[in-house]
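Observations on the three-dimensional arrangement
Residues per chain are reported as follows:
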Amino acid sequence: MCGIVGYIGKREKREFLLDGLKELEYRGYDSAGIAVLHQSEINYFKASGKLDNLTEKTKDFRSLGFGIGIAHTRWATHGKPTEINAHPHWGEFSFVIHNGIIENYMEIKKELQGEGVSFLSQTDSEVIVHLFEKYIKQNFTAQVAFEKTINSLKGAYAILLISKIAPESIFFAKNAVPLIVGRNAKDELFFGSSDAPLIGFADEVIYLEDGSYGWANEKEINLYKNSQKMQPNFKLLNSSKIYAQKDGFRFFMEKEIYEQSIVTSETLMGRIKDDKVFFEELSEYDFNDIEEIKICACGTSYHAALASSYLFERIAKIRCSVEIASEFRYKEPLLDKKTLFLIISQSGETADTLQALKMAKKAGLKTLAVCNVDNSSIVRISDVTILTRAGIEKGVASTKAFATQVLVLWLLSLHVARSKGKLSEDLCKTEIKALRGVPTVLKVNEELHEKLHRLSKRYLHGHGFFFIGRDIFFPLALEGALKLKEISYLHAEGYPAGEMKHGPIALADSTLFTVALMPQTLLYDKIKSNVEELSARDATILAISPKEFALADDFIKTQPYEHPMSEFFEMMVITQLLALEISVRLGNDVDMPRNLAKSVTVE
Ligand code: G6P
């Protein structure tokens, strides 16, 4: 999703802005631009496509000495990903960048057009700069003009605006989309959509609240909310720059798959004590009046939610339902205060999920977030958060974030079970033993990886993939199919194995590839029959199982683990690597697949 970077100070601006955008690349984008105001002259550059195009266009541009700059990566919402629609947008003397959606932009645009303003782009964002200039022409000061502009906007936004009439200031506003302001001892000021571009530059940051706006220059930050001046609330910014380098791997996604063993150890750290699950975050949280858990999420996080719903009912004996956030928002759900509302999000910024959380809060439900990004919008709003500790995930296709989400949710099911007095000593022992073993299960076996690499060449054509599984392996099948379609652009669906006979089996033929998840610990005979039905119709079967399966065209032998979750995690890695290897052979951009964004901050 769009990324924003801003700078006020004496540093060379082009380099800082482009490096900052690079740090935000993982969010996904399809065009980019920068504008620098220096000695009352504004230079701006825009380019569609990758940042390299913008870097090339700006290669001869430098701005030394004091100046201000704004930079943006755009992920198209209104209007195609063209250079014209890339940000910044300008009027006669001002430039704006915007992340989010201005819902009432049509009304504003029509009104401005009626007054003779012409628009260059198809974007909603362009209205901001024209509205600002309209108020300037009506002789309002820049500050008042900006405040009036912001008050006219409805929707979600993070905005940075610069203008020749206030050449030392950046005007900023934030509502429902993240925006951070940072500063350091050298009187430099920084803006960013996340911490990432600011690390190593800013010492302390303000995570702006929804509805706040203001203007900043080298000397001061003026922050307002509802026309009231606010005291900026600075927090120290962690300066350790452990940002992912690829560490010899070909892609961030590959590195992140290999990292799963380490990050899951981090996830577990301090959370198993005396053979019991322990969440410091939940020490004051009472589950006794909770009768049901409702989980809301999108994408991969939704699959983690689905997998955990089996665990909550089976282990904690608590009713559990799962909703896709974008559906939940508009279904006028009946919410009960005895329901715990559990939100799962890697980024903590997904607009649909965030909105669902706000609805649940408004309805008076207890809320708990499972999230990977501290200080994200979801973390700040929910009553309590359990951080997944996966570290920054750069590959757009989520891998290690999923692994840590499932792990946290499994731990949580045990925690809830114990709090509600539903956990027997025996079950607790078995589960803790399996939990402790997860980092080992997740160590990637290089021979297996090599085998998947070789196998992948047989799966580059065909008319589609079915990933099938039962029980917790059904959500894993959904996730396996999602991984494959995200990065290979091949058609893949996840299905409950027992459901194939009710329709999808009609597609079966030799170029229909079925990836069958056949664990030995859960319903083996049932899934075996389902796979046999497909094999009888000549479907090509790739079976993943610890048990030899004679009807498989291709076979990946897994370890004979005794716990379903151990089998789950091993098969998860296999489906991730399979998707990766197919994508590589097809020559796709593994880390930044077409049309996708890492963090979707619009609905
Ligand atoms: C985007 C990403 C997906 C992710 C989904 C939910 O669509 O491309 O990988 O699963 O958003 O994101 P979240 O950050 O809320 O988990």
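One structure accompanies this document, and this report is about it. Sequence order as written defines residue numbering, which begins from 1 separately in each chain. Whole-chain, interface and lining totals are the exception, using all residues; otherwise, since this is a predicted model, local features are given only for residues with pLDDT of at least 70 and side-chain atom pairs are given and counted only at 80 or more. Just so you know, side-chain values use all the structure's heavy atoms and leave hydrogens and water out.

**Focus on the packing of aromatic side chains**
A pair of Phe, Tyr and Trp rings is counted when the ring centres sit within 6.5 Å of each other, with Trp represented by its six-membered ring. The angle between the planes then sorts it: under 30 degrees is stacked, over 60 is edge-to-face, the rest tilted. Tallying each qualifying case throughout the model produces 28 aromatic pairs. Their ring planes at 85° and their centres at 4.9 Å tell us that F16 and F201 sit as a pair that is edge-to-face. Placement of the pair is F16 in helix 1 (residues 13-24) and F201 in the loop between strand 10 (189-192) and strand 11 (204-207), with a sequence separation of 185 residues. Here the aromatic rings of Y459 and F513 are separated by 4.8 Å at their centres, their planes lie at 70°, and the arrangement is edge-to-face. Of the two residues, Y459 is situated in the loop between helix 14 (446-456) and strand 23 (464-469) and F513 in strand 25 (residues 512-517); the sequence distance between them amounts to 54 residues. Here a set of aromatic residues connected by ring pairs shows up, and it is made of F132, F146, F171, Y213, W215 and Y224. The ring centre of Y285 lies 4.9 Å from the NZ or CZ of K366, which sits over that ring. Runs of E in the DSSP output that reach at least two residues are strands. Runs of H or I that reach at least four are helices, and both are numbered from the N terminus. The criterion is that NZ of a Lys, or CZ of an Arg, lies within 6 Å of the ring centre and within 35 degrees of the ring normal, and then a charge sits over that ring.

**Description of the pattern of salt bridges**
By salt bridge we mean one thing: a side-chain nitrogen of Lys or Arg within 4 Å of a carboxyl oxygen of Asp or Glu. Tallied over the entire structure, the rule returns 35 salt bridges. For E479, the salt bridge identified is with K483, shortest N-O distance 2.7 Å. Note that E479 and K483 are positioned in helix 15 (residues 473-488) at a spacing of four residues, about one turn of the helix. K483 shares its class with E479; the two are buried. The network of salt bridges with shared partners includes E111, E115 and K134. For the exposure calls, accessible area comes from a 1.4 Å probe over protein chains only, and a residue counts as buried if that area is under 20% of its type's maximum, exposed if over 50%, partly exposed in between.

**A word on empty space enclosed by the protein**
Space inside and on the surface of the protein is sampled on a 1 Å grid over the protein atoms alone, with a cavity defined as a set of points where a 1.4 Å probe fits but cannot get out and a pocket as an open set with protein on both sides within 12 Å along at least 5 of 7 lines; lining residues have an atom within 4 Å of a point. Grid points are joined across faces, edges and corners, and a volume is the space filled by probe spheres set on the points. Scanning the model with the defined rule gives five cavities of 30 Å³ or more in all. Taken as a whole, the second largest cavity encloses approximately 40 Å³ of empty space. What lines the second largest cavity is simply K46, I84, P88, H89, W90, L120, S121 and E126. Each residue is assigned to one class: nonpolar for Ala, Val, Leu, Ile, Met, Phe, Trp, Tyr, Cys and Pro, charged for Asp, Glu, Lys and Arg, and polar for all the others, Gly among them. Along the lines of polarity and charge, the residues of the lining of the second largest cavity split into four nonpolar, two polar and two charged.

**Some thoughts on the sheet that holds strand 8 (residues 170-175)**
We call two strands paired when DSSP finds no fewer than two bridges between them. In space, the seven strands of this open sheet follow the order 5-6-7-8-12-13-14, with antiparallel pairing throughout. Bordering the open sheet on either side are strand 5 (89-90) and strand 14 (228-230), each of which pairs with just one other strand. Relative to strand 7 (residues 155-163), strand 6 (residues 94-102) runs antiparallel, the two being bridged by nine bridges. Residue G100 lies in a different strand from strand 7, and its bridge partner there is Y157.

**Digging into the site of the ligand**
The rule for a residue being near a molecule or strand is that one of its heavy atoms must lie within 4 Å of it. The full set close to the ligand counts 13 residues, and S301, S345, Q346, S347 and T350 are the nearest of them. Whenever a nitrogen or oxygen atom comes within 3.5 Å of another N or O atom, the pair is scored as a polar contact, on the condition that within protein one atom can donate a hydrogen and the other can accept it, and that pairs from neighbouring residues in sequence are kept only if both atoms are in side chains. Between S301 and the ligand, the recorded distance is 2.5 Å, taken from a side-chain N or O atom to an oxygen atom. A distance of 2.4 Å is found between an oxygen atom of the ligand and a side-chain nitrogen or oxygen belonging to T350. Where accessible areas are quoted, they stem from the Shrake-Rupley method and a 1.4 Å probe; at the residue level, only the protein chains shown are allowed to cover. Here the ligand has 390 Å² of accessible area as a free molecule, and 89% of this is covered by the chains. Pocket occupancy is defined atom-wise: a molecule lies in a cavity or pocket when more than half of its atoms are within 2 Å of its grid points. The cavity that encloses the ligand is the second largest pocket. Residues of the shell around the ligand, tallied by class, amount to four nonpolar, seven polar and two charged. Each domain span listed reflects an automatic or database assignment of domains. Both domain 2 (244-443) and domain 3 (444-603) contribute no fewer than three residues apiece to the shell around the ligand.

**A few points about the sheet that holds strand 11**
Read from one edge to the other, the open sheet built from eight strands follows the order 3-2-4-1-10-9-11-15, with strand pairing classed as antiparallel. Each edge of the open sheet carries a strand with a single partner, namely strand 3 (41-48) and strand 15 (235-236). Pairing between strand 2 (residues 31-38) and strand 4 (residues 67-74): seven bridges, direction antiparallel. Bridging from a neighbouring strand, I34 pairs with A71 of strand 4.

**Remarks on helix 10 (residues 351-362)**
Owing to its 3.6 residues per turn, the α-helix brings residues three or four apart onto one side. The terminal C-alpha atoms of helix 10, which comprises 12 residues, lie 16 Å apart, in line with the 16 Å expected from a rise of 1.5 Å per residue. Turning to helix 10, its buried residues are A351, D352, T353, L354, A356, L357 and A360. In what follows, residue pairs with any heavy atoms lying within 4.5 Å of each other are defined as contacts. Considering only its buried residues, helix 10 is in contact with strand 18 (292-297), helix 9 (325-328), strand 20 (339-345), strand 21 (366-371) and helix 11 (377-381). Phi turns positive, to about 85°, at G364, one or two residues after helix 10. What a helix should span is 1.5 Å times the count of its residues minus one.

**Some words on the pairing of strand 11**
Side-chain positions along a regular strand alternate between the two faces of the sheet. When strand 9 (residues 180-183) meets strand 11, the two strands line up antiparallel, connected through four bridges. In the strand pairing of strand 11, R183 is matched with E204.

**Observations concerning the environment of E115**
The topology assignment puts E115 in the loop between helix 3 (105-114) and helix 4 (126-137). Here the alpha-carbon distance between E115 and K134, two residues 19 residues apart in the chain, equals 9.5 Å.

**Side note on the layout of surface pockets**
Here the second largest pocket defines a volume of roughly 550 Å³. As for the second largest pocket, its lining consists of 30 residues, and the residues nearest its centre are G299, T300, A597, K598 and V600. Contributing elements (two or more residues each) for the lining of the second largest pocket: helix 8 (299-315), strand 20, helix 10, helix 12 (400-419) and helix 15.

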